[in-house]
Every structure is written in structure tokens, then in C-alpha cells.
Amino acid sequence: MRLSRYFMPTLREAPADAQIVSHQLMLRAGMIRQEAAGIYAWLPLGLRVLKKIEQIVREEMDRAGAIEVLMPTLQLADLWRESGRYDDYGDEMLRITDRHKRDLLYGPTAEEVITEIFRAYVKSYKDLPKNLYNIQWKFRDERRPRFGVMRGREFLMKDAYSFDLDEATARKSYNRMFIAYLNTYARMGLKAVPMKADPGPIGGDLSHEFIILADTGESQVFCHADLVEMGAPGPDVDWDGDLQPLVDKRANLYAATDEMHDAERFGREVPTDKQLSARGIEVGHIFYFGEKYSKPMKANVTGPDGVDRPIHGGSYGVGVSRLAGAIIEASHDDAGIIWPDSVAPFGVAIINLRPGDAAVDAVCEQAYAALAAAGKEPLLDDGPDRPGAKFAAMDLVGIPWQLVVGPKGVAEGVVEIKRRATGERQSLALDAAIKAISA
């Protein structure tokens, strides 16, 4: 992509009402634009990041055996009346009446819809287990939307739903998602800590939040320090085997948000030198809720004994659009965003310091072609701005590599490369520079 043809409306200063770093930087980098309170248009740069995050989530869900569907944003109120949640959900639900006087709602979550789909087609235990997931826009009418995409009203969420015959098999499905979530966040350069959580309006008796540590986090968290550095199990786990030991290794160490924190237990179970108190951001939430939806909605299957019984369910949410902000909160400096390679909008920025100089233009074109062929998704800054403005813009938007081409370097047969995360710079021949970036 050439910057002269691209749409990247960067700002020198963030609007005054942007309170946290991610909101400020997303606006300044031209990633989003507010259209209404808590509702944002995703501009080209932001959309590229959003799609990268979405794809990582999709790949890890598929790896763990979940199957993608796409459900509507508008849902029938009658389904929610079946489950008993329509009147209980509260003012965050956006209720709508269509021209035929039917009650609809803009889905804040989709347990009812997916249960209705499941019960229409699955009748026997032989077709279990199943895990169906959806990456779709949701809406919750927050009383005070704030912090940009971190607490907006409209948001993109991955929500998965497991269906099992009994509690024992349902907990196996829960464990799969627990491990898949750890792998998902690790691929985005995040250290996510699973913490026992309050199920809230979803319901159930087993629930974990996944929290990343950030100074600007919305929650105070308390945990065993080993959890932060434990790392993800990785993709080579035996998904059909017993995952409980991998879950227990993490779930048995103390970790809680301030709402669930037990100071006495924390002091008793965690050695003083391992007690960690910090701010954190929730980036995912998983629930096992048993028969909460299947009983009232009659989502039954015939068991091996020939008796019909309600299935045991679970739901598993990842805030895809929220993650864009959370990653920035965890990875930025005074100059701007520092994207991990896996979710960066572009892999390398080629900065032409003298557009119109034939020799400089030729080296930029050669670098662009080579990096594009290597799959590095280059962005060529071929615009007329001064060098200082170009460097500031590329630091702001956080592209992992910069390849700088100027007349002096071309005359000497070198280009400069800079790693955004570390600030390290090297002057290399073009082939060596491309090799270093591609590695």
C-alpha cells in the first residue's frame, strides 16, 4: 500500500474527551472515529488491526474444535422470554419494535439464539459434543460509555457455545476453551492471567475472566506472580486428551479481581515475594452454566439409556474490538503505539526521505516489491512531508519495522532499518535489510 493512495487521517493531538491512552492513540493514529456515544466507525488502519485480531481468534477456535456460524444482530424477544432473561437483563438491552409490532432486541449476547438453533437439529447424544462460535457485532446500552472501544456500546465479540450430555463432558469443553484462550492471547503478544469470576447475567457456577496487566486497567487484580510468566500451553496440546492438569496448574494458583478478592486467603496461599497486585483489563470471559438455558428452552437430547435430557452448556466470549484497545494499553510509549507483529496493520513502513529523486524512488520500489513478495505487508510513505513528520507518524501508528531510504544512504549503498519496539537502528545493504526484516 502506498501512503499517497491510502486513507490514514492522523492527528497531532487527541480530542480532550479521550481519557485513556488507547482511546487517545486510536484517534490520533486514524484508527477509529466516534459517530455517537460509544459507537465508532473503524477506519482503514483500525480495520486492518481488527481483522488480524479476529483471524487469530478464529484460528485458535478452529484448532480447539469449535465450528463457526454467523448469527443475526437482531434477535426475537420471544426467545429471551423463553429463557426468562428478557425482563431480567436490564436497561443495557436495546429493545426494538418492528413495523409488525414484533418485539426485537439488538443482541448483547446470543445464548438464546444458539440454543434455538441447536435444539432444532440435534436430538441424540451421538451428535455431541458440539461447540459453535460466532464473530459478530453486539450492543449493550452502557449508561456511561467511555474509554473508547474499551467500553463502547457497539462492539465486535467472539462468542462460542458448547453443548454436552452431562457436567463431566461439559467441563472438558470448558477446559478446551480455557487452553484455547491462553493460546489466543499469547499469539497477540499478551500475558493473560485466568481469574475466577462472577458469572453475572450469563449465569452458572464456573467462570473465569482473562486479564492482561496494564497500568491503566479498569480493575484491581491480585494474583500469584508465577501466573504472569507461566506462558501458554501452545498449539500442540492433545485436544482430545485430559486437559485438566494444564487448567489446574493455573486455576489452583490464587488470582482474583477486586470483586472476588479474599485478602485473608491471598495472604495465606501466596508467599509474600510472589504476591502481585496490579491493574488489569478483562479481554475474555468463559462460563459453564449447565442446564440454565436448555431446561426452560427444552433443548433436549436422547441419552444412551433412551431418556431425553437437557444438555449442559457453556459460553465463551472474547472482546475482539476491545482487544485492539487493550493491546495498545499494554504496549505503547510516549511516541505512540507499539504493535506486536501478529496484529500490526502493516509489517514494515518504507520511508522515502526524498520523493522524486530517481535513485531514492528506485530503491524504495525495489524494497517494496521484495517485502510484499515476502508477505511483510509494506506501507510505502511516498508523500511530501518532511522527514521528522514522517518518522513521527510511523512511530505513532506503531508499525513494527521502519526501512528508511534517503539520498545519502543510497549513495553509500545502504538503507536504515529501525525496530519500533526497541528503537534499535542498523544501516545495512538493501538485501541484508530485507533479510533482517523478513526473518
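Everything numeric in this text was worked out from a predicted model, so none of it was measured.

About the criteria used
- Residues numbered from 1 in each chain as written.
- Predicted model: local features only at pLDDT ≥ 70, side-chain atom pairs only at ≥ 80, totals over all residues.
- Heavy atoms only, no water.
- Pairing = 2+ DSSP bridges.
- Helix = DSSP H or I, 4+ residues; strand = E, 2+ residues; numbered from the N terminus.
- Axes fitted to C-alpha atoms, helices over the stretch in contact; angles between N-to-C directions.
- Contact = heavy atoms within 4.5 Å.
- Buried < 20%, exposed > 50% of the residue type's maximum accessible area, 1.4 Å probe, protein only.
- Lys, Arg positive; Asp, Glu negative; His and termini not counted.
- Salt bridge = Lys/Arg side-chain N within 4 Å of Asp/Glu carboxyl O.

Draft legend 1. Representation of the pairing of strand β1 (residues 32–36). In the sheet, β1 pairs with strand β2 (residues 39–42) via four bridges, with the strands oriented antiparallel. Among the inter-strand pairings, Ala-36 is bridged to a residue of β2, identified as Ile-39.

Draft legend 2. Seen up close, the sheet that holds strand β21 (residues 401–405). A sheet is described by the order of its strands in space; here five strands give the open sequence β20-β19-β21-β22-β23, paired in mixed fashion. Each edge of the open sheet is held by one strand with a lone partner, namely β20 (378–381) and β23 (425–428). Across the sheet, the mean angle separating the axes of adjacent strands is 20 degrees when strand polarity is ignored. As paired strands, strand β22 (residues 415–419) and β23 are joined by four bridges and run antiparallel to one another. Bridging from a neighbouring strand, Lys-418 pairs with Arg-425 of β23. Along the sheet face, helix α12 (residues 387–397) touches β19 (348–352), β20, β21 and β22 and points at about 170 degrees away from the line of β19.

Draft legend 3. Up close: the side chain of Glu-329. The residue Glu-329 is located in helix α10 (residues 320–330) in this model. No salt bridge is formed by the buried Glu-329; its nearest oppositely charged neighbour, Arg-322, is found at 9.9 Å. Ignoring any residue separated from it by four or fewer positions in sequence, one finds Glu-329 in contact with Ile-20, Val-21, Ser-22, Ala-214, Thr-216 and Ile-281.

Draft legend 4. Structural view of the sheet that holds strand β4 (residues 74–76). As summarised here, the arrangement of the three strands in space is β4-β6-β5, forming an open sheet in which the pairing is antiparallel. A strand with exactly one partner marks an edge of an open sheet, and here the two such strands are β4 and β5 (94–97). Each neighbouring strand pair of the sheet contributes to a mean axis angle of 40 degrees, computed without reference to strand direction. As paired strands, β4 and strand β6 (residues 103–106) are joined by three bridges and run antiparallel to one another. Counted as the bridge partner of Gln-75 is Leu-105 from β6.

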